Amino acid sequence: MLRLATTHAARPRCVSILLASALALLLVFAPQAWAQDSGSIAGSIATADGEPLGFANVQLVVAADSSFVQGAVSTEDGAFAMPTVPAGRYLLFVSLIGYEDLVTEPFSLERGDSYDAGTLALAAGTFQIDEIAVEARRTLYEQRGDRMVVNVGQSVTLKGATALDVVARSPGVVVNQQSNTISMLGKDGVQVLIDGKLSYIPADGLVAFLDGLNADTIEQIELITTPPAEFDAEGNAGFINLVLKEQLSDGLSGSATVTGGYGRGAVASTSADARLRQGRITLFGNVAFQWQGQAQTINSYLETQNGGALLVTPTETDRDPVQRNVNARLGLDYALSDRTTIGGLIAGYDNRWSMDAVNQSAVSIDGTPTTAIRSANEEVNHWQHLMGNVNVRHELPSGLRTSLDFDALRFDNDNPTTYLNATTDVPNDLTTEETLESGKTTPLRIYVAKVDLSAPDEARLSWNAGVKGGFSRFTNTPVFPENVDTDWVGDVGVGEESSLRENVLAAYGSVNLQLTEKTSAELGLRYEHTTSDLESSDGTQLIDRSYGDLFPSFYLSHQLRDELTLSASYARRITRPTFNDMAPFIYFLSPTTFFTGSTALQPAISDALKADVTVGSIFGSVEVAWVTDPIAQFQSRVIPEANVQVSFPTNFDRQRTATALLAAPVEVLPWWTTQNTATVTWLSIEGDREGRDFESTQTSYSLSTTHNVRLPSEFSLEASAFYQSAGLFGTIEFEPVWGLNLGLQRDIPGLPGSLTLAVDDVFDTVEWSVTQRDDAVPFYAEGFFDFSQRTVRLTYTRPIGGSAGEQARATASEEESRRVQ
C-alpha cells in the first residue's frame, strides 16, 4: 500500500491580502451603495404600425455584462413599468413570440430619477411560405460577454434527446464516453452547472447523468471558459451551464415530454416540469425518468514481452447494459416583501447502471496459442443522492443585494461486480474455473454554506464579494478478490477501508467597470484554502495536505464599432483529484485489464489567456493555457510477468494547449440557415513515465455544421454533423470519429404540442479507437469502443398551462459537484 503524506505550506500573507482587498471594497463602495435612492423605468411595447403589444417580456440587464436585474410583462395596452430600480447603467431586452427581439441602446439611471423608455416597436418575425407563417428563430449560437450561448430550443434534432447530446454538439466541446470525460477547448476538468449550480455528479458518473437528463427542459447552455471570481476555482477548462426553461408570469406553466426509440436495444424517457406562481408564492419542480438498454462492444489488444517472449492477448467483449435514471426536484419560494425572498429546494436522483458481459480472450506466446479465457461478469453501479437547500435573498433600498445559502448533500454508492472465469490450457486441454468478486461502497456527506454581497451598476461601476465553506466526509470500503494476487495494486494506490475529511474555505471579490461607452472591464480575485486528511481503517495517514492559492481573473471588452467587438481575458484555475481517485477501487474490464484509482494524485493548476473577436454574428477565439501537474485519467501500466494491463489516473509535469475556434452562421436561402464551427487545438504533455522523461505533442481539429430548413405545412428539418480528428488524452491516442444526426418536427394541427422524429448517428460511425504504447517496457495496446448506436426516436412534447417553465435556482454547493464519488 502506497503511503503518502504531502503538505503544501499555507499562505497567510495571501489571506491578509484578500481580506484587505475585500475590506477596501466594502469601505469604498458599500457606503455609496447604501446611500443611493432607487429610480424607476416605464415605457410601452407596440408593433411597427403602432398597435399595442401585450404580454411582451421586458428584461432589465446591466450594460457592462448583460447580467439580469429584474423583469416585467407588458399589459394589454402595451405598457410596462419597473417602479424600483437602483441607480446604474442598463439595457432593456424585449421579446415576444412572433416578433424579433429588441435590445435598446445603453442608458443611465441616476438616483431618484424616472427613465421614460418611450414606445419600443417590435418588428414582425415571421415570413410566408405558401401562405404558412413560420415562427422566427434565434440563432443557434450567440456570444454574450465572457460566454458563448447555445440556444437549445432552436434545435430540432435535440427534441427528445438528452443533455449529453446538447453538450456533445456544442462548439469546442468533446465528450469521451470511453473514459467518461468532458473537455472544452482541448482541456479536461470541465464543471457542469445546472441553473448556476453544480450538478453534484461524480466524474465517472457525470456522462451517465447527462445522458439521463431530458434536453427538452433546457433553454440554453452557456460555455464559460473564463469564469468570474464568484465562480469556484475548481475546473481548469471552465464551466458548462445548463439554463433550464423559466416563465416569469403568474399562473401554471410547464411541459411534459414522452420519448420512445430503438437502436440495438430500446430507449425510453419521460419528463414533466411545472411551475405555479400565485402572488408571493412560487412552487416549482420536475421529474424525469430514463431507461436505456443498448448493446455495446469493446475489442482490445495487448502486446507485451516477458523474458524475451512476445505475449499477445486479444479480447472481445459483448456488453448488455441497462441504465435506469430517476431525477426529481421540488422547490418553494416565498416573497416576504418586494425585497426579501426565502426559499427551499429538495432534489435527488436514483441512478442504477447494471450490466451482463461476456469477455473472450486468447493468449499466445511467440505466435503459439497457449491459453483461452472466457469471463462472464455481472456489474451494478448504483448511485443515490438527496440534497436540501435553504436560501434567503434580500435587496436593500440602496440596491445592495445579499444572499445566504446552506446545502446538505448525501450520496450513497454501491458498486458490486462478480466474474466467472473459465481458463483453458490449449496444449493440455485443461480447464479451470474461478469466481471473483470486487466492488466498493462509498457513503459521502457534504455540507456547504455561502454568503454573497453585490452592488448594482453605480456610476459605471458594480462589485460583489462573498465567502464560502465546503466540508466533505466519506468512508470507502473496497472489496478485493481473495483468490487473486493483488500485491501490485499498492503501486497504483488501491487500499483498504479509508475515511476522508476535506475542507475548502474560499473568499472572493470582483469589480465591474464601464470604462467608456464602449469599453468595459472586470477584475476578480479569489482565495481558496484546502485541507485533505485521508486515513486507513488502522489509523495510517494516507493523505495529509494543506494548501492555499490565489486565483485572479481579468476580462476586458471593447466595441470598435456596432458589429465589431474585441475582448481579452485571463484566469487561474485548479483541478483537485476526484473523490473517486481518493477512494480507490478495482474494476476488471477483462481478465487481463484492470482499472483503479490513485491516492498519490496532486491538484492541477492552470493559467489561461484568451482573446475573442465578434464581427456581427461571426465569433472567433484564441486561447493559450499552461497547466502544472495535469491529471490524466486511464493511463496504463503493464505487468509483464502477470500479463496484466492496469489503467489508473496520474499526474504529468506540464501541459500546454493553444486553441483557435471560429463559429459562423451562413444563410444559404431565406428558409435555409446553417451554423458552422471549426476548432484547432495544439497540445503538448511532458512528465515522468515509469522513471523516464516523457513528452508528446499533437495538433487536432474538429468541425461541426448544423442546417435548419423550414418546410411548408409547419415542418422543420434539421441536420447536424461533426468530425473530430485524431487527438491525445495523456499518453492515449484517439483515432478520428464522425457522425450525422437528423430531425424532423411538426406541430400537431388542432392539438397542443409537437411531434419530433430524430435519428442519431445515422451511419453508426461514432466509435472510439485508441492506442497506447511504451517502447521501453515494451508494450502496445489497442482499444475499440462502440457505445453509440444508430437510434431512432419519436418524441411528443405538450405544454402545460402557459409556456414551459422551470424555476432557475442556484445553491451554495458549487465546487463539490464533479468530485463527488
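Note that residues are indexed from 1 along each chain, following the sequence as it is written. The model is predicted, so local features are restricted to residues of pLDDT at least 70 and side-chain atom pairs to those at 80 or more, both for listing and for counting; the totals for chains, interfaces and linings are taken over all residues. Think of the side-chain values as coming from all heavy atoms in the structure, minus any hydrogens and water.

Caption draft 1: Main features of the overall build of the chain. Strands are runs of DSSP state E lasting at least 2 residues, helices are runs of H or I lasting at least 4, and numbering of each runs from the N terminus. The helix and strand tally for the chain stands at four helices and 51 strands. Across the chain, contacts joining residues at least 24 apart in sequence account for 68% of those joining residues at least 6 apart. We call two residues in contact when some of their heavy atoms are within 4.5 Å.

Caption draft 2: Representation of the nonpolar core. With 22 residues, the main nonpolar core has I41, I45, L60 and L92 as its most contacted residues. Mapped by element, the contributors of at least two residues to this core are strand 1 (39-47), strand 2 (57-62), strand 3 (68-73), strand 4 (79-85), strand 5 (88-95), strand 7 (107-109) and strand 8 (114-122). Other than its neighbours up to four places away in sequence, L92 contacts I41, V58, Q59, L60, F80, M82, L102, V103, T104, F107, A117 and L120. To qualify as a nonpolar core, a set must consist of buried Ala, Val, Leu, Ile, Met, Phe, Trp, Tyr and Cys residues joined through side-chain atoms within 4.5 Å. A simple rule labels every residue: compare its accessible area, found with a 1.4 Å probe on the protein chains alone, to the largest value its type can have, and call it buried under 20%, exposed over 50%, or partly exposed in between. Membership of the second largest hydrophobic core comes to 21 residues, among which are A163, V167, I218 and L242.

Caption draft 3: Summary view of the packing of aromatic side chains. In this scheme Phe, Tyr and Trp rings, the latter by its six-membered ring, pair at centre separations within 6.5 Å, and the angle between planes marks the pair as stacked below 30 degrees, edge-to-face above 60, and tilted otherwise. Counting across every chain of the model gives nine aromatic pairs. With centroids separated by 6.4 Å and ring planes inclined at 65°, the aromatic side chains of Y301 and Y780 adopt a geometry described as edge-to-face. Of this pair, Y301 sits in strand 23 (residues 296-306) while Y780 sits in strand 50 (residues 779-786), placing them 479 residues apart in sequence. Note on F734 and W768: the rings are 5.6 Å apart at their centroids and 85° apart in plane angle, and the pair reads as edge-to-face. Taken as a pair, F734 in strand 46 (residues 732-734) and W768 in strand 49 (residues 768-774) lie far apart in primary sequence, 34 residues in all. As far as burial versus exposure is concerned, F734 and W768 are alike and both buried. Members of the aromatic cluster, each reached through a chain of ring pairs, are Y90, F107 and Y115.

Caption draft 4: The environment of P427, seen in detail. Relative to the helices and strands, P427 is located in the loop between strand 28 (417-425) and strand 29 (430-455). Judged by relative accessible area, P427 falls into the exposed class, the value being 60%. As a C-alpha pair, P427 and T371 span 56 residues in sequence and 8.4 Å in three-dimensional space. Not counting chain neighbours up to four residues away, the residues in contact with P427 comprise P369 and T370.

Caption draft 5: Quick look at the sheet that holds strand 4. Whether two strands pair comes down to DSSP finding at least two bridges between them. Spatial ordering of the open sheet is given by 4-1-8, a layout of three strands whose pairing is mixed. Each edge of the sheet is formed by a strand with only one pairing partner; in this case those strands are strand 4 and strand 8. Neighbouring strand axes in the sheet, compared pairwise and without regard to direction, differ in orientation by 15° on average. Pairing analysis gives seven bridges linking strand 1 to strand 8, with the strands arranged parallel. What sits directly across from S44, in strand 8, is T119. Structural elements are reduced to axes, namely lines fitted to C-alpha atoms, with helices fitted over the stretch in contact, and the angle between N-to-C directions of any two is expressed from 0 to 180 degrees.

Caption draft 6: Just the pattern of salt bridges, in detail. The term salt bridge refers to a side-chain nitrogen of Lys or Arg lying within 4 Å of a carboxyl oxygen of Asp or Glu. Overall, the coordinates contain 15 salt bridges when judged by the stated rule. One salt bridge connects R526 with E528, and the closest N-O pair in it is separated by 2.8 Å. Classification of R526 by relative accessible area gives buried; the value is 2%. The buried category is assigned to E528, whose relative accessible area is 2%. Linking D612 and K610 is a salt bridge whose minimum nitrogen-to-oxygen distance equals 2.8 Å. Residues D612 and K610 agree in their burial class; the two are buried.

Caption draft 7: Summary view of unusual backbone geometry. Within the chain, D366 stands out as a residue other than glycine whose phi angle is a positive 50°. Looking at the element boundaries, D366 is found in the loop between strand 25 (340-365) and strand 26 (368-395). One non-glycine residue, D629, lies in positive phi territory at about 55°.

Caption draft 8: Local environment of the environment of A46. Among the structural elements, A46 can be located in strand 1. When its relative accessible area of 5% is taken as the criterion, A46 is described as buried. Ignoring anything within four residues of it in the chain, the contact list for A46 reads E51, P52, L53, T119, L120, A121 and L122.

Caption draft 9: Seen up close, the pairing of strand 16 (residues 191-194). The alternating pattern of strand 16 places Q191 and L193 and V192 and I194 on opposite faces, both of which are buried. The pairing of strand 16 with strand 19 (residues 239-244) spans four bridges and is classified as parallel. The residue of strand 19 that forms the bridge with Q191 is F239.

Caption draft 10: A look at the environment of D533. Among the structural elements, D533 can be located in strand 32 (residues 519-536). For D533, a relative accessible area of 25% puts it in the partly exposed group. C-alpha separation for the pair D533 and S499, spaced 34 residues apart in sequence, amounts to 8.2 Å. If sequence neighbours within four positions are ignored, D533 has contacts with S499, L500, R501, Q541 and I543.

Caption draft 11: Spotlight on the side chain of S532. With respect to the secondary-structure elements, S532 resides in strand 32. In the analysis that follows, any N or O atom pair within 3.5 Å is treated as a polar contact, provided that within protein one partner can donate a hydrogen and the other can accept it, and provided that, for residues neighboring in sequence, both atoms belong to side chains. Polar contacts involving the side chain of S532 include one to the side chain of E502, which spans 2.6 Å. Once residues lying within four places of it in the same chain are set aside, the contact partners of S532 are R501, E502, I543, D544, R545 and M582.

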